[in-house]
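So you can see what is in the structure, the chains are spelled out below.
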Amino acid sequence: MDSTVQLIPLSHLAIAALPAIGVLFIYMKWSLNTATVLYGLSRMLIQLLIIGYFLALIFETKHAWVIVLILLMMVTTSSWIALGTVADKRHALFTSSLASTFLGSGLILAIVTQLVLQLDPWYRPQFMVPLAGMVFANAMNSISLSAERLNSEIARGTHFEEARRIAFQAAMIPIINSLFAVGLVSLPGMMTGQILSGVSPLIAARYQIMVMLMIFISGGISTALFLTIVKEKFTNALQPD
């Protein structure tokens, strides 16, 4: 296969953005919040351009401590954001979210990078940072869903064990759906990116299998840990005054 990655000039990238004007027109025509959409599009553009330059610098680093620092920042930030669905309990539950994300996602990240891919050096940024982003973001979403559902069920008077079962099931629904859909409904980001860059679809498929397993395991373990260690804190936090 042709391994040459096609460069997209900024002028050509602007062409892809032109149809967005049509969507904005619909927002204005139907008296919807156009300012929010403009802010979202602008923020997306700025963030991706900045992160592109930032990652280029990170990928050139030869220092393990830089990658470790980035991973710690990622796991801390994702653990905090995960509790946005129960914002009033955030401070009480943050350590539980952090521990669950660190242990659940860190375990599978270590297995994949050190035993499956056998990175050399062990912190190889081009692999470590993107893969860490995948598992931490997935754990963040799963914990967020489980926290919201657990909060709702206990508030309704559901017994904790039953509420935990319902919360875990709800958190895993998006992951299970993605397992059913991958390859049939969608080609996920990593596989699509590799194919576009010239990698054989057979090799890209193996990487995507690895990623899907990472997502399933990190989401399942992190959520289960959170729902287990949070019992006392969560029930106490939800006690009526």
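Residues numbered from 1 in each chain as written. Predicted model: local features only at pLDDT ≥ 70, side-chain atom pairs only at ≥ 80, totals over all residues. Heavy atoms only, no water.

With respect to the environment of Lys233
The line we're drawing: Secondary structure elements follow DSSP: runs of H or I no shorter than four residues count as helices, runs of E no shorter than two count as strands, and numbering proceeds from the N terminus. Three labels apply to residues, based on accessible area from a 1.4 Å probe with only protein chains included: buried if under 20% of the type maximum, exposed if over 50%, partly exposed otherwise in between. Note on contacts: a residue pair qualifies if any of its non-hydrogen atoms lie within 4.5 Å across the two residues.
With respect to the helices and strands, the residue Lys233 is situated in helix H10 (residues 231–237). A relative accessible area of 35% means that Lys233 is categorised as partly exposed. Each C-alpha atom of the pair Lys233 and Ala82 lies 16 Å from the other, and the pair is 151 residues apart in sequence. Filtering out sequence-adjacent residues up to four positions away, Lys233 remains in contact with Ala92, Leu93, Thr95 and Ser96.

Details of the environment of Val23
Position of Val23 relative to the elements: it lies in helix H2 (residues 20–29). When its relative accessible area of 43% is taken as the criterion, Val23 is described as partly exposed. Residues Val23 and Val37, 14 residues apart in the sequence, show an inter-C-alpha distance of 9.5 Å.

Description of the pattern of salt bridges
We count it as follows: What makes a salt bridge here is a side-chain nitrogen of Lys or Arg within 4 Å of a carboxyl oxygen of Asp or Glu, nothing more.
Scanning the entire structure with this criterion turns up 4 salt bridges. Notably, a salt bridge pairs Asp88 with Lys89, separated by 2.3 Å at the nearest N-O pair. On the basis of relative accessible area, Asp88 is assigned to the exposed category, the value being 61%. Judged by its relative accessible area of 12%, Lys89 is buried. When the shortest N-O distance is used, the salt bridge between Lys231 and Glu161 registers 3.1 Å. Here Lys231 is found in helix H10, whereas its partner Glu161 is found in helix H7 (residues 160–181), with 70 residues between them in sequence. Accessibility expressed as a relative area gives 37% for Lys231, which makes it partly exposed.

Some remarks on the packing of helix H6 (residues 125–155) against H7
Operational definition: What counts as an axis is a line fitted to C-alpha atoms, over the stretch in contact for a helix, and the angles between N-to-C directions run from 0 to 180 degrees. Handedness of a crossing follows from how the near helix is turned relative to the far one, being left-handed for an anticlockwise turn of less than a right angle and right-handed for a clockwise one. Any residue outside Ala, Val, Leu, Ile, Met, Phe, Trp, Tyr, Cys, Pro, Asp, Glu, Lys and Arg is labelled polar, Gly included; the first ten of those are nonpolar and the last four are charged.
H7 packs onto H6 with a crossing angle of 145° between their chain directions and a minimal axis gap of 8 Å. Crossing of H6 over H7 shows right-handed handedness. In contact with Asn138, Ser142, Leu145, Ser146, Arg149, Leu150, Glu153 and Ile154 of H6, H7 contributes Phe160, Ala163, Arg164, Ile166, Ala167, Ala170, Ala171, Pro174 and Ile175. Along the lines of polarity and charge, the residues of the contact of H6 with H7 split into 11 nonpolar, 3 polar and 3 charged.

Some thoughts on the packing of aromatic side chains
Our working definition: Each aromatic pair joins two rings of Phe, Tyr and Trp (for Trp, the six-membered one) with centres within 6.5 Å, and gets the label stacked for planes under 30 degrees apart, edge-to-face for over 60, and tilted for any other angle.
Here the structure, examined in full by the defined rule, presents 2 aromatic pairs. Considering the side-chain rings of Trp122 and Tyr123, the 5.6 Å spacing of their centres and the 80° angle between planes classify their relative orientation as edge-to-face. Using a relative accessible area of 41% as the deciding quantity, one classes Trp122 as partly exposed. With relative accessibility at 11%, the residue Tyr123 sits in the buried group.

Comments concerning H6
Given 3.6 residues to a turn, an α-helix orients residues that are three or four positions apart in the same direction. This is how the line gets drawn: A helix is expected to span 1.5 Å for every residue after the first.
Its 31 residues give H6 an end-to-end C-alpha distance of 44 Å, which sits within 8% of 45 Å, the value for a rise of 1.5 Å per residue. A positive backbone phi angle near 95° is found at Gly157, which sits one or two residues after H6.

Describing the confidence of the model for the protein
Threshold: For every residue, the pLDDT score states the predictor's confidence, bounded by 0 at the bottom and 100 at the top.
Scored by pLDDT, the protein has a mean of 88; 94% of the residues are at 70 or more. Confidence, expressed as mean pLDDT per element, reaches its minimum in the protein at H10 with 69 and its maximum at helix H4 (residues 64–81) with 95.

Description of the nonpolar core
Selection criterion: Residue types Ala, Val, Leu, Ile, Met, Phe, Trp, Tyr and Cys, when buried and joined through side-chain atoms within 4.5 Å, form a set referred to as a nonpolar core.
Counting 25 residues, the largest nonpolar core has Ile67, Leu109, Phe136 and Met214 as the members making the most contacts within it. Elements with a contribution of two residues or more to this core: H4, helix H5 (90–116), H6, H7 and helix H9 (201–229). Those residues within four positions of Phe136 in sequence are excluded, and the remaining contacts are Leu71, Met74, Val75, Ser78, Thr101, Ser105, Gly106 and Leu109. Ranked by size, the runner-up nonpolar core spans 16 residues in total, among them Leu93, Phe94, Phe226 and Val230.

Overview of the packing of H5 against H6
Between H5 and H6, whose axes approach to 9 Å, the crossing angle comes to 145°. Viewed along their axes, H5 and H6 form a crossing whose handedness is right-handed. From H5, Ser97, Ser100, Thr101, Ser105, Gly106, Ile108, Leu109, Val112, Thr113 and Gln114 reach across to H6, where they touch Met128, Leu131, Ala132, Val135, Phe136, Ala139 and Ile143. The residue makeup of the contact of H5 with H6, split by class, is 10 nonpolar, 7 polar and no charged.

Regarding a nonpolar patch on the surface
Where we set the bar: Excluding any residue in a salt bridge, patches collect residues exceeding 30% relative accessible area, merging like charges within 9 Å and nonpolar Val, Leu, Ile, Met, Phe, Trp and Tyr side chains within 5 Å. Using the Shrake-Rupley algorithm and a 1.4 Å probe, accessible areas are obtained, with residue cover drawn only from the displayed protein chains.
A grouping of Leu41, Met44, Leu45, Ile46, Leu48, Leu49, Ile50, Ile51 and Phe54 is seen on the molecular surface, where their side chains present a nonpolar patch of about 820 Å² in accessible area. Within the secondary structure, Met44 is located in helix H3 (residues 34–58).

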